[in-house]
Each structure stands twice: as C-alpha cells, then as structure tokens.
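Here is how the chains run, residue by residue.
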Amino acid sequence: MTAAAVTSCNPVLVQSRKQQGLPHSVVSWRFSPSSPFATTRAPSRATSRRASRRPLRVAAFVNPKPTVLVTDNLGEAGIDLLKRYANVDCSYDLSLEELCAKISLCDALIVTGGTKVTREVFESSGGRLRVVGRVGVGIDNVDVAAATEHGCLVVNAPTADTVAAAEHGIALLTSMARKIAQADASMKAGKWQRSTFLGVSLLGKRLAVMGFGRVGSEVARRAKGLGMNVIAHDPFAPLDRARAIGVDMVSFDEAIATTDFISLHLPLTPATSKMFNDVTFSRMKRGVRIVNVARGGVIDEEALLRALESGIVAQAALDVFTEEPPPEEDKLVRHRNVTVTPHLGASTMEAQEGVAIEIAEAVIEALKGELTATAVNAPMLSMEVISELSPYVEIAEKLGRLAVQLVSGGTGIRSVRIYYGSAREHDDLDTHYLRAMIIKGLVEPTSSVFVNLVNADFVAKQRGLRLTEEKVSLDGSPENPIEYIQVQIANVESKFASAISDSGEISVEGRLKDGKPHLTKVGSFRVDVSLEGSLLLCRQVDKPGMIGKVGSILGKENVNINYMSVGRIAPWKLAVMTIGVDEEPSREALRKIRELQDVEEFVLLKL
Ligand SMILES: NC(=O)C1=CN([C@@H]2O[C@H](COP(=O)(O)OP(=O)(O)OC[C@H]3O[C@@H](n4cnc5c(N)ncnc54)[C@H](O)[C@@H]3O)[C@@H](O)[C@H]2O)C=CC1
Ligand SMILES: O=C(O)C(=O)COP(=O)(O)O
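Residues numbered from 1 in each chain as written. Chains lettered and ligands numbered in written order. Predicted model: local features only at pLDDT ≥ 70, side-chain atom pairs only at ≥ 80, totals over all residues. Heavy atoms only, no water.

Novice: For this particular structure, what's the right way to read the overall build of the protein?
Specialist: Each helix and strand in the protein was counted, giving 20 helices and 23 strands. Within the protein, the proportion of its 607 residues that are buried is 52%. In the protein, the share of contacts with a sequence separation of at least 24, taken over all contacts with a separation of at least 6, comes to 68%. (Helix = DSSP H or I, 4+ residues; strand = E, 2+ residues; numbered from the N terminus. Buried < 20%, exposed > 50% of the residue type's maximum accessible area, 1.4 Å probe, protein only. Contact = heavy atoms within 4.5 Å.)

Novice: Looking at this model, I keep getting lost on the UniProt feature "domain: ACT" (unreviewed entry) in the protein. Mind explaining?
Specialist: This chain's UniProt record puts "domain: ACT" (unreviewed entry) on residues 535-607. For residues 535-607, the helix share is 26%, the strand share is 42%, and the end-to-end C-alpha distance is 8 Å. (UniProt positions renumbered as here; feature names shortened; annotations may be inferred.)

Novice: Help me understand the environment of Ile-438, please; the structure alone is not making it clear to me.
Specialist: Turning to its location among the elements, Ile-438 is positioned in helix 17 (residues 432-443). Note on Ile-438: relative accessible area 0%, which makes it buried. On a C-alpha basis, the gap between Ile-438 and Gly-400 in space is 4.8 Å, while along the polypeptide they are 38 residues apart. Not counting residues up to four positions away in its chain, the partners in contact with Ile-438 are Ala-396, Glu-397, Gly-400, Ile-418, Tyr-420, Ile-485 and Val-487.

Novice: What am I meant to see in the site of ligand 1 here?
Specialist: Around ligand 1, the structure places 26 residues, and the nearest of them are Arg-214, Val-215, Asp-234, Leu-266 and Val-293. One of the backbone nitrogen or oxygen atoms of Val-293 is found 2.9 Å away from a nitrogen atom of ligand 1. Contact with the protein chains hides 87% of the accessible area of ligand 1, taken as 850 Å² for the molecule alone. Spatially, ligand 1 is embedded in the largest pocket. Taken together, the residues of the shell around ligand 1 sort by class into 13 nonpolar, eight polar and five charged. (Near = heavy atom within 4 Å. Polar contact = N/O pair within 3.5 Å; in protein donor to acceptor, adjacent residues only side chain to side chain. Areas by Shrake-Rupley, 256 points an atom, 1.4 Å probe, with all protein chains shown as cover. 1 Å grid on protein atoms, 1.4 Å probe; cavity = no way out; pocket = protein on both sides within 12 Å on 5 of 7 lines; lining within 4 Å. Sits in = over half its atoms within 2 Å of the grid points. Nonpolar A, V, L, I, M, F, W, Y, C, P; charged D, E, K, R; others polar.)

Novice: Before we go on, may I ask you to explain the sheet that holds strand 8 (residues 229-233) in this structure?
Specialist: For sheets, the rule is that strands pair by backbone hydrogen bonds, running either parallel or antiparallel. Read from one edge of the open sheet, seven strands run 9-8-7-10-11-12-13, paired in parallel fashion. Two strands lie at the open edges of the sheet, namely strand 9 (248-249) and strand 13 (338-340), each paired on one side alone. Pairing geometry for strand 11 (residues 288-292) and strand 12 (residues 313-318), over five bridges, is parallel. Bridge pairing in strand 12 links Val-288 to Val-313. With respect to the sheet, helix 13 (residues 301-310) is in contact with strand 12 and strand 13, its orientation differing from that of strand 12 by roughly 140°. (Pairing = 2+ DSSP bridges. Axes fitted to C-alpha atoms, helices over the stretch in contact; angles between N-to-C directions.)

Novice: Explanation requested: the site of ligand 2 in the structure shown.
Specialist: Close to ligand 2 lie Thr-112, Gly-113, Arg-134, Val-135, Gly-136, Val-137, Gly-138, Asp-161, Arg-295, His-343 and Ala-346. Between ligand 2 and Asp-161, the relevant distance is 2.7 Å, taken from an oxygen atom to a side-chain nitrogen or oxygen of the residue. For ligand 2, an oxygen atom lies 2.7 Å from a polar atom in the side chain of His-343. Protein contacts shield 83% of the accessible area of ligand 2, which totals 310 Å² for the unbound molecule. The site holding ligand 2 turns out to be the largest pocket. Looking at side-chain class alone, the shell around ligand 2 contains three nonpolar, five polar and three charged residues.

Novice: Quick question: what am I supposed to make of the pattern of salt bridges here?
Specialist: Oppositely charged side chains may form a pair once their charged atoms are brought near each other. Taken as a whole and assessed by the stated rule, the structure comprises 29 salt bridges. With a shortest N-O distance of 2.8 Å, Arg-435 and Glu-469 are connected by a salt bridge. Placement of Arg-435 in helix 17 and of Glu-469 in strand 15 (residues 466-473) is noted, with a sequence separation of 34 residues between them. We note that Arg-435, like Glu-469, is buried. For Asp-528, the salt bridge identified is with Lys-513, shortest N-O distance 3.0 Å. (Salt bridge = Lys/Arg side-chain N within 4 Å of Asp/Glu carboxyl O.)

Novice: Sorry, what's going on with the sheet that holds strand 3 (residues 87-90) here?
Specialist: Pairing is parallel across the open sheet formed by five strands, whose spatial order is 3-2-4-5-6. This sheet does not close on itself; its edge strands, each paired only once, are strand 3 and strand 6 (153-156). Averaged over all pairs of adjacent strands, the angle between their axes in this sheet comes to 20°, without regard to strand direction. For strand 4 (residues 108-111) and strand 5 (residues 131-134), the ladder comprises four bridges, and the chain directions are parallel. Of the residues in strand 5, the one forming a bridge with Ile-110 is Gly-133. Its contacts with the sheet put helix 4 (residues 96-103) on strand 2 (67-70), strand 3 and strand 4, and the angle it makes with strand 2 is roughly 175°. Across the sheet, helix 15 (residues 349-367) lies against strand 2, strand 4, strand 5 and strand 6, angled at about 170° from strand 5, the strand it touches most.

Novice: How do you make sense of unusual backbone geometry when you look at a structure like this?
Specialist: Where the residue is not glycine, phi is negative for most of them; where a peptide bond is considered, it is trans in most cases. Residue Pro-325 is bonded to the preceding Glu-324 through a cis peptide linkage, with omega at -5°. Mapping Pro-325 onto the fold places it in the loop between strand 12 and helix 14 (331-334). Residues other than glycine seldom take positive phi values, yet Asp-93 does so here, at roughly 55°. Among the secondary structure elements, Asp-93 is positioned in the loop between strand 3 and helix 4. Owing to a relative accessible area of 72%, Asp-93 belongs among the exposed residues under this scheme. Although it is not a glycine, Asp-598 adopts a positive phi angle of roughly 80°.

Novice: How do you make sense of the layout of surface pockets when you look at a structure like this?
Specialist: Over the atoms a probe the size of a water molecule is rolled, and this reveals where empty space is left. Roughly 1500 Å³ of internal volume is contained in the largest pocket. Surrounding the largest pocket, 49 residues form its lining, Arg-134, Val-137, Gly-138, Asp-140 and Arg-295 being those nearest its centre. Counting only elements with at least two residues in the lining of the largest pocket, the list comes to helix 9 (214-225) and helix 15. Looking at the lining of the largest pocket, the element that brings in the most residues is helix 9, giving three residues. Residue classes in the lining of the largest pocket are distributed as 18 nonpolar, 20 polar and 11 charged. (Points joined across faces, edges and corners; volume = space filled by probe spheres on them.)

Novice: Sorry, what's going on with the nonpolar core here?
Specialist: General note: in soluble globular proteins, nonpolar side chains tend to be found buried as a group. Formed by 55 residues in total, the largest nonpolar core has its most connected members in Leu-406, Val-416, Leu-434, Leu-442, Ile-485, Ile-489 and Leu-519. Element by element, the count of residues in this core is highest for helix 16 (residues 383-405), at 11 residues. Counting 29 residues, the second-largest nonpolar core is a separate cluster that includes Ala-255, Ile-299, Val-313 and Val-338. (Core = buried A, V, L, I, M, F, W, Y, C linked by side-chain atoms within 4.5 Å.)

Novice: Looking at this structure, I do not really get helix 7 (residues 162-177). What am I missing?
Specialist: Because the α-helix completes a turn every 3.6 residues, residues three or four places apart line up on one side. Between the first and last C-alpha of helix 7 there are 23 Å, a value that for 16 residues agrees with the 22 Å anticipated at 1.5 Å per step. The complete set of buried residues in helix 7 reads Thr-162, Ala-164, Ala-165, Ala-166, His-168, Gly-169, Ile-170, Leu-172, Leu-173, Ser-175, Met-176 and Ala-177. Looking one or two residues past helix 7, Lys-179 carries a phi angle of roughly 55°, positive in sign. (Expected span 1.5 Å × (residues − 1).)

Novice: I tried to follow a negative patch on the surface on my own but got confused; where do I start?
Specialist: Taken together, the side chains of Glu-97, Glu-98, Glu-120 and Glu-123 present a region of like negative charge at the surface. Every element with two or more residues in the negative patch is listed here: helix 4 and helix 5 (119-124). Mapped onto the fold, Glu-97 is located in helix 4. On the basis of relative accessible area, Glu-97 is assigned to the exposed category, the value being 59%. (Patch = residues over 30% accessible without salt bridge, like charges linked within 9 Å, V, L, I, M, F, W, Y side chains within 5 Å. Lys, Arg positive; Asp, Glu negative; His and termini not counted. Charge placed at Lys NZ, Arg CZ, Asp CG, Glu CD.)

Shown next, in the form of structure tokens:
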C-alpha cells in the first residue's frame, strides 16, 4: 500500500481521463438534497420517512416546481423553455430593494448586464437561490465571490453572442474608419459635406486584437478578410488558435506601440480594469484608432478623452461604458471623433434568441442538479464522474457527520485528513465532489451554513479547516472508483475514546457493501454497520451476554435495530459494539445502557 498526497482543499481541478468529452446526460438530481448544488438541508428523518411511503419523491414533496425570476428582457424562446420546467416571474427594471425583497422566493435568477447581482441579493435569498444565469458572457455584474460563499452556482451563456459581438466590432471598425455615423448625422441635418468625411483605408493596416478569446479571434478572422495585418495579445490564449488564423501573438507593449487600430476583447477583471490609461496611451502610435466592444471599465475614460484631445488617439468607437447608460453630457459620447452605440454587441435577432435558449438550458440543468458546461464558479466535473461517485457521496457526508459528532468540545477542529483507498490511477480519481460532501458533513451539524459543491472549499477555508487528501493505492480491480473512505480529525479529544486511532486522530472509515454505505472502522476497531438512522457506539468488556443486555433495553423501548456488529482487539478483552437503530432511543434507555456493568463508554450518533 502506498499513499500519495494529492490535494489540500485546493479548487484546482484534477481532471480524470474519463472526464474528457463524455456525454452530459447520465443522472439527474432533481430536487434531491444530495444534488451537488442543493442549498437546502436534507429533510428531517420524520419527513423523509413520511415521504418515502408516498409515490412522490422526497424532492418533489419539498419543492414541487422551482421559481425562476427574470429581471431583464429575455427572448421568448428562452422563456418558453423555462416555463416547461419552472414558474417564471418576469419582473423587469426592479430596484435593488425590490430584487432583494423577491429573491428569497426564487430558486434561480436570470439577468443580462442590466441587473447588478450584488452581495445583498445573495444575503437576502436566505439560502434558497441556487443559480444565477447571466444571459451573455460578461459576469462582471454578478458578485461571483458572494455567490460562491452562498453556495449559489453562476452560469453564463458564453457562445451564442460571440458572432454578434465580433460583427459589431467590425461594424464599428469600418464605420469609424469611414466616419459613417458622422456623415449620416450630417446628412440628416440637411448637409452635403463630401470633403469633411475623409476616411482611412483598412487594407494593409495593422490591427492589435487585445484578448484573443471567442470574440477576439472572430474579429481577427474577419479583419484578415479585410486585408488587415492582425496581431494579438493574450497571455492565456492557445498559440495554435492564433496560428490557425494567421495571427502573431505579441507582448502587450508591442501590441499597443506598433498598431494603427486596437480592438478590445478582454473581460473586465481587477487586472484589466483601466488597463488603457494615460501611461498606456502615451506609449501608443500617434493617430491610433480604438474599438471597444468588451467592457467600458477596461479604459480609463478620462484618459481616453485626453488622448483624443492630444491627437494620440485619432478616433474611438465605443459600444460599452464604465457607467451604462453614461451621463447625459458625457464628453466622450459627444466627442466629434468618437462613434458610440448603446451596448449593442449582442443585439442581433439571432444572438438574442441564441443566448435566451443557451441560458434557459443552463439554468434548467443547474436546477436539476446536473453540471452545466458554462458553470463559472463550480469545479468542472463531468456527469460521468458525478454518476460514478454518487454512491460514495452518502458515505462521504455521513463520515463527516459521524467524525464531527465524536469530537468533544474544546479547541475546535482545525486539521482533517481524508484517505481514499482505490485501485485507480491517482489522476483518474477526482475527489472534488466527495471532499465537498465530507465538508458538508463536518460543518452542517454544528452551524447554520448550507454546504454544497459550489461553496464547500470556501466554507472550509473560512472556518479554518485544513483538509488534506491522500489517495491510498490498492491492488485490485479499478472497476470501483473507491474501496474505502477514511476521515480523520487530528488534534482533538473525543467523547468516545475508542474512536481515536493508534496514530492519535478521531478516525472513521466507510465503504460500500452491496451498494449500501457501511461504517467499517472506528478508531482502530473493525466494525460493520449500515449507515442509516442513528448509531450507538458502545465499548464494553468482551464477554457473553453484553449484546443481549443492550438489545433487550432497546427492545423494551420498541427501538428497531437495523444492523449491529462487534469488533474486538482480542477475545475477552475490549470490544466495540456498533448498533444501527431506526428510532432514536429515549434518554432513559440511553442511561440504562450507559449504566450497564462492563460498558466502559457509550455514545449516540445521528446520521
Ligand atoms: N458588447 C457586447 O455586447 C458584448 C461584449 N462582450 C464582452 O467581450 C469580452 C470578450 O468576450 P469573449 O471573447 O466571449 O470572452 P473570452 O473569455 O472567450 O475571451 C477573453 C479573452 O481575454 C483574455 N484575457 C483575460 N485577461 C487578459 C489580460 N489581462 N490580458 C490579455 N488578455 C486577457 C483571456 O485569456 C481570453 O482569451 C468580454 O468582456 C465580454 O463581456 C461579449 C459579448 C457581447
Ligand atoms: O455578453 C455580454 O457580455 C454582453 O455584454 C452582452 O450582454 P448584455 O447585452 O448586457 O446582455
């Protein structure tokens, strides 16, 4: 057996080979609380039992149909799709207060760039909001960090408006070069000024595409068709994409210093905010022309005004602004050498229909608990991985629950070690989902925080939980992804001393048996009990009659034993009895068991 440390609460993906290119349609979680994105707590045992006797799923019982709030104009095709699955509330132009007032009644929120989804919105949702769908690409209007903290998935619709944005970029480029907008305004004012609107040709001119992603590369492709010499700057873009289009990737400095035209296609992030400022403008070729269909905030607008006035920038064409709409008397908007459009990049009939469908599908998938390819703040796990790991999810969460209940007050939990015994190759086992469920089990019993796949690592970090994961290589068939999971809590005392392993940690181990989760080890004692209902752990002297004594106390109380096992170090020494019970025994029964002669310690654990 070898152990290899692999991750420690690290959101970076460990992609398994099987994750690549597999279909996304194997399982659905609907409203089951075990959904990776479920933000509600599991129903109480009484509720589950009641519900399981009915033909209705527990889930449907908890929440029959989700409610989706749409706060910005969304294409009919998207609304129709949503209505097949959810109650749809289209309330446009809400103030922040109105949005916050409504949000606690909604499972999903769909917005364009017109609604700011701030921290207050997540705080007001009371944990019900499970997904925010951004119609389009830019998620700079959504507080993604706050979403993650609240376990809310953010999805976008990043592909359906790419061509529209690229076409708009080219439209601005060509109309700026030929002063189309100015000439149109002049004619409409009754003038005929042929010599005033002398333009520049694009043929043979150098264009720098800043940000070579979806839109940037489509702009480059089109600009090449116009006979432009296209270079690009994007430290994160794959070189082969640029090579395929015949574009040279260059440094930022080279891009801005040597070009006649600059077209911006960057996301607005802390790194790109005001990336174009007095300093960068001063390094540009005099007479440069700039197009921005990305985000207003990547340009320092006052600096651009100064650059226009000084002649460094000859012309600008802007579709996006720091503040939208910009103030009425905005000098940039009114500048004679600036062409403006009111954020029309995605405004084609085709793109609007496309993004509406793309976002509706993504939101529905997310509400069903399925992983959507456009999730912004969740690890990318394929449905195949989720499906394969789902039998272990229950073990993971329950081991977390058991381990935390075994801790006796004091210093608090800081260090948790997780071992996964597996015959799989190390890089073929993605533990994100299981780790999230262990964190859920560790955190939820002692707090009001809801934990899911989205916020698990964040919650752990916030609570100072240091998780380390190790995969233990086992011989055998790699058919099963996992043979056992062991959760250890270090540097704590236990209310059940036998749960402390030889190496000094609280330790519980579980595995699947006949498809059912079982507890198979507590501390150094081998046990075997199904992980359902409640558990009684009892350490006693190993001698005849002990099982009968405990059993008869429970029997008198009409408490049904669903499973039991005894693990011992050696005959006639100490044994740990593990009893699974369907009903929770009364205090009196627990007292009687605790007071039995030869019972050394005893604890009741709830799953
Ligand atoms: N005006 C409009 O209506 C529309 C605007 N957009 C905006 O266009 C922009 C680009 O969209 P997509 O191409 O779909 O996004 P994308 O994510 O495919 O591409 C963005 C590219 O920028 C690069 N990048 C990020 N930080 C960078 C940095 N510091 N320096 C250089 N490159 C950097 C990334 O590596 C990526 O390749 C976004 O801001 C989006 O919101 C998109 C659609 C419509
Ligand atoms: O997709 C984007 O990022 C856009 O800017 C277009 O979005 P909007 O017109 O704000 O829905």
